[in-house]
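Chain and residue survey
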Amino acid sequence: MSRPGNPGADLVRLALECGAVQFGDFTLKSGRPSPYFFNFSKLCAGPAVLMLGKLFATRLLELAPAATVVGIPYKGISLAALACAFATQMNPAVEYRFVYLRKEAKDHGEKGLIVGDIMPRHPVVMIDDVLTAATAVTQTIKLLRLKLEIDPSLLLVGFDRGERMRDDSPLSTATQLGAQGIKVSSLAHVEDLYTVADQKQALAISAHLARYGASSDSQSASA
């Protein structure tokens, strides 16, 4: 089920080799049970970091040739820094700024919620590792819009689980964010897991999606 022109299959294969994809019984931050877990913190060795940097940078250059890149705490912070560094190396003519938000506003030194400088009149792109119910993403959007009067336009994630944001809605998390004005683009999607899963694992993934996944007619395709 690998999609032509999509790096997702290569990413999940690398993740499996590094132990970043595990199959079994897990409980997610959303509270949902899951037959698999995608842990980006396992992609920490040199070759894996190089691949991540190139994948995120390539997509970033395609989507926003100049932008402020906001790392979603915590794993998204390092991914955003990687994306900016590799994108600048790949095309020095573009300009990216890497920032992240504190959990609480600092009342000394430079003060404020944000670490780094927002680039005026350019898109604000958020980066995170895995998209499930977007709890941390939603919190970041609220802080950016309400506290800082900054309007993000794009979310770039490493892996989209293809699930609903809420159990009472058939819409995918990506679709729900789109309704809030946030375009979602992912490097890999849950469908890419079928390229590395055995028959038992594939059946478990399908059963999970049947319960928690978005309906096929409402799920937005990841860019």
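Refer to the structure presented above.
This report concerns the structure included in the present document. All figures in this text were calculated on a predicted structure; none of them were measured in a lab.

Conventions and cut-offs
Residues numbered from 1 in each chain as written. Predicted model: local features only at pLDDT ≥ 70, side-chain atom pairs only at ≥ 80, totals over all residues. Heavy atoms only, no water. 1 Å grid on protein atoms, 1.4 Å probe; cavity = no way out; pocket = protein on both sides within 12 Å on 5 of 7 lines; lining within 4 Å. Points joined across faces, edges and corners; volume = space filled by probe spheres on them. Helix = DSSP H or I, 4+ residues; strand = E, 2+ residues; numbered from the N terminus. Core = buried A, V, L, I, M, F, W, Y, C linked by side-chain atoms within 4.5 Å. Buried < 20%, exposed > 50% of the residue type's maximum accessible area, 1.4 Å probe, protein only. Contact = heavy atoms within 4.5 Å. Disulfide = S-S within 2.5 Å. Expected span 1.5 Å × (residues − 1). Pairing = 2+ DSSP bridges. Phe/Tyr/Trp six-rings, centres within 6.5 Å; stacked < 30°, edge-to-face > 60°.

Before going further, it helps to spend a moment on the layout of surface pockets. Counted as a void, the largest pocket has a volume near 500 Å³. If you trace the largest pocket, you find 19 residues lining it, with K29, D128, D129, V130 and T132 closest to the centre. Within the residue set of the lining of the largest pocket, elements represented by two or more residues are β2 (33-38), β6 (124-131) and α4 (135-147). The element contributing the most residues to the lining of the largest pocket is β6, with 4 residues.

Residues F38, F40, L43, F56, F159 and L193 are the most contacted members of the largest nonpolar core, which totals 43 residues. The element that contributes the greatest number of residues to this core is helix α3 (residues 75-90), accounting for 7 residues. Once residues within four sequence positions are removed from consideration, F56 is found in contact with F40, L79, A83, I127, D128, L156, V157, G158 and L187. Counting residues in hydrophobic clusters, the runner-up holds 21 residues, among them V99, M126, V137 and I141.

The next point concerns the state of the cysteines. Scanning the entire structure with this criterion turns up 0 disulfides. The thiol sulfur of C18 is not disulfide-bonded, and the nearest other cysteine sulfur, from C44, lies at 7.8 Å.

For helix α2 (residues 46-63), with 18 residues, the first-to-last C-alpha span of 26 Å sits near the 26 Å given by 1.5 Å per residue. Along α2, the residues classified as buried are A48, L52, G53, L55, F56, A57, R59 and L60.

Take the pairing of strand β3 (residues 66-71) next. Put simply, side chains in a regular strand alternate between the two faces of the sheet. Burial within β3 is extensive, with 6 of its 6 residues counted as buried. Burial along β3 is two-sided: A66, T68 and V70 and A67, V69 and G71, pointing in opposite directions, are all buried. In this sheet, β6 lies alongside β3 in parallel orientation, the contact comprising 4 bridges. Note that in β6 the partner of T68 across the bridge is V124.

Tracing the backbone through its elements, the reader meets L52 in helix α2. When the C-alpha atoms of L52 and A83 are compared, they prove to be 8.1 Å apart, with 31 residues separating the residues in sequence. If we ignore the near neighbours within four places in the chain, the residues touching L52 are L11, F40, L43, L79 and L82.

On to unusual backbone geometry. A cis amide bond links P73 with the next residue in sequence, Y74, at an omega value of 0°. The phi angle at R121 is positive, at roughly 65°, despite the residue not being glycine. By the secondary structure assignment, R121 is in the loop between β5 (112-115) and β6. For R121, a relative accessible area of 82% gives the class exposed. With phi around 65°, A134 is a residue other than glycine that occupies positive phi space. Take A134: it is sitting in the loop between β6 and α4. Residue class for A134 comes out buried when judged on its relative accessible area of 6%.

Its place among the elements puts S215 in the segment after α6 (199-212). Measuring from C-alpha to C-alpha, the distance between S215 and G162 comes to 9.7 Å, with 53 residues separating the pair along the chain.

As a further point, take the packing of aromatic side chains. What the rule picks out here adds up to 5 aromatic pairs. Look at F38 and F40: their rings are 4.8 Å apart centre to centre, the planes differ by 20°, and that puts the pair in the stacked class. Take F40: its relative accessible area is 5%, and that puts it in the buried class. With centroids separated by 6.1 Å and ring planes inclined at 35°, the aromatic side chains of F98 and Y100 adopt a geometry described as tilted. Given the relative accessible area of 27%, Y100 is considered partly exposed.

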